[in-house]
Amino acid sequence: MAGLASAFGSGAMTNSIEEIDNARVLFVIGSNTTEQHPMIAMHMLDAVDKGATLIVADPRKTQVAGFAQIHLRQKSGTDVALLNGIMNVIIDEGLVDISFVKRRTENFDDLEKIVRAYSPDVAEKITGVPADEIKRVARIYATEKRSMLFYSMGITQHITGVDNVRSCANLVMLTAHIGQPMTGLNPLRGQNNVQGACDMGALPDVYSGYQRVSDPKARRKIGNAWGRKLPARPGLTMIDMFDAALSGGLKAMYIMGENPVISDPDSSHLIEAIKKLDFLVVQDIFMSDTAELADVVLPAVTFAEKDGTFTNTERRVQKIRRVIRPMFGAMPDWKIISEVSKKMGYDMGYRAPHEIMEEVALLTPSYGGILHHRLDNFGIQWPCPDTSHAGTPFLHRKKFAKGLGTFNPVDFAPPAENTDAEYPFILTTGRMYFRYHTGTMCRRTSTLEREEPECFIEINPKDAGRLGVRTRNRVRVLSRRGEIVVNVLVTDRTPEGIVFIPFHFRDAAVNLITNPAVDPIAKIPEFKVCAVRIVPLIPKPGERQKSLYNRKEDIKILLELYEEPKV
Ligand SMILES: Nc1nc2c(c(=O)[nH]1)N[C@H]1C(S)=C(S)[C@@H](COP(=O)(O)OP(=O)(O)OC[C@H]3O[C@@H](n4cnc5c(=O)[nH]c(N)nc54)[C@H](O)[C@@H]3O)O[C@H]1N2
Ligand SMILES: Nc1nc2c(c(=O)[nH]1)N[C@H]1C(S)=C(S)[C@@H](COP(=O)(O)OP(=O)(O)OC[C@H]3O[C@@H](n4cnc5c(=O)[nH]c(N)nc54)[C@H](O)[C@@H]3O)O[C@H]1N2
Ligand SMILES: [Mo]
């Protein structure tokens, strides 16, 4: 999910969460912030209370859109056209920060050429957003100095994910909303430590700190520290790995902290690939759906049972501390990996997490001054080159990491799958407040479970009328990959022609029907757009609607969780 190349560096917030409070414009595109990043959303709502303008661009009427002064409801997968339209107005009306563009960027002429073709009227035709709204947003975002842009999966989970991020970067540079406090290009990263995992090189083409595997100097430096010659060729991405497993080129896999059986697109294809493997190891804190398919399951401990660090979306490295003793002989992930490595003939020699951090600091310029003993209070934001450095609240102050910021103009391209007579609806998928991903963790708490016990599909009232379905009716949802059965939720949260299903429910796993098409550069799947057909299911006379929990083992678990209401 990471490694999205931007015009000027790696994928973390350029600025800090605290700065949000005093920003004047918040442009939130493809992020359901109040539900998915509630702590960050609190800062946004504080800013709104102080008079900031909140602009949300999302096809769905999300909770955060309810707080916005302007809500742009573009058709799914048309963000490049929307952003080009906004930049067209900025150029046309002379709102470009010319001195910034001259001093700090390159390739403006190419951007101008492409963007000129996206007049507000052209952008309206593609996106469905009224031309006047596009003009209004362009003026507000460009003219206010303290304008912050935020994006999340609504921008990245497309075959044009990199194009979308590039368009956001183009907009930010065009208006000089970068390199100053209360500005910036701010991706809201997902998991507690996805930023840290990427920073540490859990990507196929980089070592820690985004030092490239293909760079002989980096390879030699790290190889020397480890006493091994390192391969010069980048590894495979996750999607490529499963394809290789399916074609027989990859024989064994070690999956750690991930439940791809539920979270990857087109999951029946994925399960087929897993079954072809000779050997599968899964390292998890619970028996996940993927662990059930493994030859060996290695039990890891949770965040509360280990020491170490997590790095959050604003690049802040924070210390975590063990508060309960590990149970059932489970071990921290680092320890399991070290033990496996030792058995395979290479002794990593770490005795505790702080020793690993010392090695990270030694080999990673941006983490050079980040050591456990310095993290006790508030943590430190990278880059932090040495132990006298206090960390970096916002990036790109004087120059971009690569020198000049490059405009990467992009043309609009449609999603991989379009609607037609057979599959007339666009399906978009995502999350909701009360659930966490595939449910291996959150399904174990009854307080969360009761909030939204079953999977649903959001359908606009007009579409529901045409289909003849009501809330809580059951429908089949079919794509070119497969089908699931879900409950209907009639709501104007989703616009006509678009339906939404959360991916949290294993009993109606939406990834059985999503499209595995990926962005050619970032290899991120197009979770946000595929084409589906909806078929109403009406119970026969005298029959009651069967529960979605229709598998034997699920009913058993369910009965254990419930008690009879007391009369
Ligand atoms: N409670 C809870 N919080 C979470 C998570 C969770 O599972 N549960 N997961 C965490 C993780 S790992 C992540 S990555 C984040 C994700 O956080 P978000 O990205 O905010 O969540 P999503 O629901 O995936 O999608 C965000 C929005 O994208 C919109 N969208 C769909 N198509 C398009 C489009 O074409 N363009 C635009 N602009 N928007 C579109 C959807 O309507 C949706 O509101 O949340 C994190 N926080
Ligand atoms: N349709 C659709 N699919 C999506 C998305 C979408 O928007 N739509 N979003 C995608 C995104 S952004 C994400 S991030 C993925 C998430 O997909 P996954 O990462 O596969 O989902 P999780 O349920 O978070 O699974 C994490 C696993 O890690 C385990 N775990 C937790 N803590 C630890 C630990 O400390 N050590 C170890 N070893 N294991 C641990 C949990 O028990 C769980 O089984 O889903 C992706 N899939
Ligand atoms: Mo994520």
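Residues numbered from 1 in each chain as written. Chains lettered and ligands numbered in written order. Predicted model: local features only at pLDDT ≥ 70, side-chain atom pairs only at ≥ 80, totals over all residues. Heavy atoms only, no water.

**Student:** I would appreciate a short explanation of the overall build of the chain in the present structure.
**Tutor:** Helices and strands together make up the secondary structure of the chain, namely 19 helices and 19 strands. Overall, the chain is about 75 × 65 × 50 Å in size when its C-alpha atoms are taken along their principal axes. Restricting to contacts in the chain with at least 6 residues of sequence separation, those with at least 24 account for 70%. Of the roughly 26,700 Å² of accessible surface on the chain, a fraction of 55% belongs to carbon and sulfur atoms. Between the centroid of the 71 positive side chains of the chain and the centroid of its 68 negative side chains there is a distance of 2 Å. (Helix = DSSP H or I, 4+ residues; strand = E, 2+ residues; numbered from the N terminus. Contact = heavy atoms within 4.5 Å. Areas by Shrake-Rupley, 256 points an atom, 1.4 Å probe, with all protein chains shown as cover. Lys, Arg positive; Asp, Glu negative; His and termini not counted. Charge placed at Lys NZ, Arg CZ, Asp CG, Glu CD.)

**Student:** Please clarify how the sheet that holds strand 3 (residues 70-72) should be interpreted in this entry.
**Tutor:** Sheets are built from strands that pair by backbone hydrogen bonding, the pairs being arranged parallel or antiparallel. Strand order in the open sheet formed by 5 strands is 3-2-1-5-6, and the pairing between neighbours is parallel. Looking at which strands have only one partner, the edges of the open sheet turn out to be strand 3 and strand 6 (185-187). Strand-to-strand twist in this sheet, taken as the mean axis angle between neighbours without regard to direction, amounts to 20 degrees. The sheet contact formed by strand 5 (residues 147-151) and strand 6 spans 3 bridges and is parallel. Along strand 6, the bridge assignment pairs Tyr151 with Pro187. Contacts between helix 7 (residues 131-143) and the sheet are confined to strand 1 (25-29), strand 2 (53-57), strand 3 and strand 5, with strand 3 contributing the most and set at about 125 degrees to the helix. (Pairing = 2+ DSSP bridges. Axes fitted to C-alpha atoms, helices over the stretch in contact; angles between N-to-C directions.)

**Student:** What's the story with the site of ligand 2 in this structure? I'm lost.
**Tutor:** In the vicinity of ligand 2 there are 30 residues, among which Asn259, Ser263, Asp284, Thr438 and Asn511 approach most closely. Take Gln283: an N or O atom from its main chain is 3.1 Å from a nitrogen atom of ligand 2. The side chain of Asp284 places a nitrogen or oxygen atom 2.6 Å from an oxygen atom of ligand 2. Within the complex, the protein chains bury 92% of what would otherwise be the 920 Å² of accessible surface of ligand 2. (Near = heavy atom within 4 Å. Polar contact = N/O pair within 3.5 Å; in protein donor to acceptor, adjacent residues only side chain to side chain.)

**Student:** Explanation requested: the site of ligand 1 in the structure shown.
**Tutor:** Close to ligand 1 lie 32 residues; Asp58, Gly77, Asp79, Arg431 and Arg435 are nearest. In this structure, an oxygen atom belonging to ligand 1 sits 2.8 Å away from a main-chain N or O atom of Asn32. Note that an oxygen atom of ligand 1 is positioned 3.2 Å from one of the side-chain N or O atoms of His158. Alone, ligand 1 offers 910 Å² of accessible surface; in the complex the protein occludes 95% of this. Counting contributing residues per domain, the shell around ligand 1 is built from domain 1 (17-188) and domain 3 (425-563), each supplying no fewer than three. (Domains from an automatic or database assignment.)

**Student:** What is the right way to look at the nonpolar core in this model?
**Tutor:** Nonpolar side chains tend toward joint burial in soluble globular proteins. Counting 42 residues, the largest nonpolar core has Phe27, Ile29, Ile86, Leu149, Leu171 and Leu174 as its most contacted members. Those residues in contact with Ile29, other than ones at most four positions away along the chain, are Ala57, Gln74, Asp79, Leu82, Leu83, Leu149, Phe150, Tyr151, Ser152, Ile155 and Cys168. With 24 residues, the next largest nonpolar core counts Cys455, Phe503, Ala508 and Val532 among its residues. (Core = buried A, V, L, I, M, F, W, Y, C linked by side-chain atoms within 4.5 Å. Buried < 20%, exposed > 50% of the residue type's maximum accessible area, 1.4 Å probe, protein only.)

**Student:** Would you take a moment to explain the pattern of salt bridges for this structure?
**Tutor:** Two side chains bearing opposite charge may form a pair once their charged atoms approach each other closely. Evaluation of the coordinates by the stated rule reveals 28 salt bridges. For Arg116, the salt bridge is made with Asp92, and the minimal N-O distance between the two is 3.3 Å. Of the two residues, Arg116 sits in the loop between helix 5 (108-115) and helix 6 (120-127) while Asp92 sits in helix 3 (residues 79-92), which places them 24 residues apart along the sequence. With a relative accessible area of 41%, Arg116 lands in the partly exposed category. As a salt-bridge pair, Glu496 and Lys462 come within 3.8 Å of each other at their nearest N and O atoms. (Salt bridge = Lys/Arg side-chain N within 4 Å of Asp/Glu carboxyl O.)

**Student:** I keep staring at the environment of Met39 and nothing clicks. Help me out?
**Tutor:** Inspection of the secondary structure assignment puts Met39 in helix 2 (residues 38-49). Linking Met39 and Ile17, residues 22 residues apart in sequence, is a C-alpha distance of 9.2 Å.

**Student:** I keep staring at the pairing of strand 2 and nothing clicks. Help me out?
**Tutor:** Both faces of the sheet carry side chains from a regular strand, because those side chains alternate between them. In terms of residue burial, strand 2 counts as a mostly covered element, since 4 of its 5 residues are buried. Strand direction decides the pairing type here: strand 1 and strand 2, joined by 5 bridges, are parallel. Bridge assignment links Phe27 to a residue of strand 2, and that residue is Ile55. Inspection of the sheet shows strand 2 paired to strand 3 by 3 bridges, in the parallel sense. Each residue of the ladder has a partner; that of Ala57, found in strand 3, is Leu72.

**Student:** Before we go on, may I ask you to explain the side chain of Glu19 in this structure?
**Tutor:** Examined against the element boundaries, Glu19 turns out to sit in the segment before strand 1. Here Glu19 is buried and forms no salt bridge, its nearest opposite-charge partner Arg315 lying at an N-O distance of 6.6 Å. Setting aside its immediate chain neighbours within four residues, Glu19 contacts Met148, Gln180, Pro181, Met182, Thr183, Pro393 and Phe394.

**Student:** What is the right way to read helix 14 (residues 267-276) from this model?
**Tutor:** Every α-helix winds through 3.6 residues per turn, so residues three or four apart in the chain are directed the same way. Ser267, Leu270, Ala273 and Ile274 are the residues of helix 14 that are buried. Take helix 14 and look down its axis: the buried residues cluster within an arc of 110 degrees, on one side only. Away from its buried face by more than 90 degrees, helix 14 exposes Lys275 and Lys276. (Arc of directions from axis to C-beta.)

**Student:** Before we go on, may I ask you to explain the sheet that holds strand 10 (residues 308-311) in this structure?
**Tutor:** One open sheet accounts for 3 strands, arranged 10-11-12; its pairing is antiparallel. Sheet topology places strand 10 and strand 12 (380-381) at the edges, where each strand pairs with a single neighbour. Two strands pair when backbone bridges link them, and strand 10 and strand 11 (residues 316-320) are joined in this way by 4 bridges, in the antiparallel orientation. Residue Gly308 lies in a different strand from strand 11, and its bridge partner there is Ile320.

**Student:** What's the story with the packing of helix 12 (residues 238-246) against helix 14 in this structure? I'm lost.
**Tutor:** For any two helices packed against each other, the geometry comes down to the angle between their axes and how far apart the axes lie. Remark: helix 12 packs on helix 14, axes separated minimally by 8 Å, with the N-to-C direction vectors making an angle of 60 degrees. The orientation of helix 12 with respect to helix 14, classified from their angle, is oblique. Judged by the sense of rotation from one axis to the other, the crossing of helix 12 with helix 14 is left-handed. For the pair helix 12 and helix 14, the contacting residues are Phe242, Asp243, Ala245 and Leu246 in the first and His269, Leu270, Glu272, Ala273, Ile274 and Lys276 in the second. Its residues placed into classes, the contact of helix 12 with helix 14 shows 6 nonpolar, 1 polar and 3 charged. (Parallel < 35°, antiparallel > 145°, perpendicular 65-115°, else oblique. Left-handed = near helix turned anticlockwise from the far one by under 90°. Nonpolar A, V, L, I, M, F, W, Y, C, P; charged D, E, K, R; others polar.)

**Student:** Help me understand the environment of Ala330 in this model?
**Tutor:** Within the secondary structure layout, Ala330 lies in the loop between strand 11 and helix 15 (333-343). Each C-alpha atom, one on Ala330 and one on Val301, is 5.6 Å from the other, the two residues being 29 residues apart in sequence. Ignoring any residue separated from it by four or fewer positions in sequence, one finds Ala330 in contact with Pro299, Ala300 and Val301.

**Student:** Is there a simple way to explain helix 3 in this structure?
**Tutor:** For helix 3, with 14 residues, the first-to-last C-alpha span of 20 Å sits near the 20 Å given by 1.5 Å per residue. Of all 14 residues in helix 3, 13 are buried; the element is thus mostly enclosed. (Expected span 1.5 Å × (residues − 1).)

**Student:** How do you make sense of the domain arrangement of the chain when you look at a structure like this?
**Tutor:** By a widely used convention, the size of an interface equals the accessible area lost when the partners come together. Domain annotation for the chain reports domain 1 (17-188), domain 2 (194-381) and domain 3 (425-563). Put simply, the middle of domain 1 and the middle of domain 2, counted by C-alpha atoms, are 34 Å apart.

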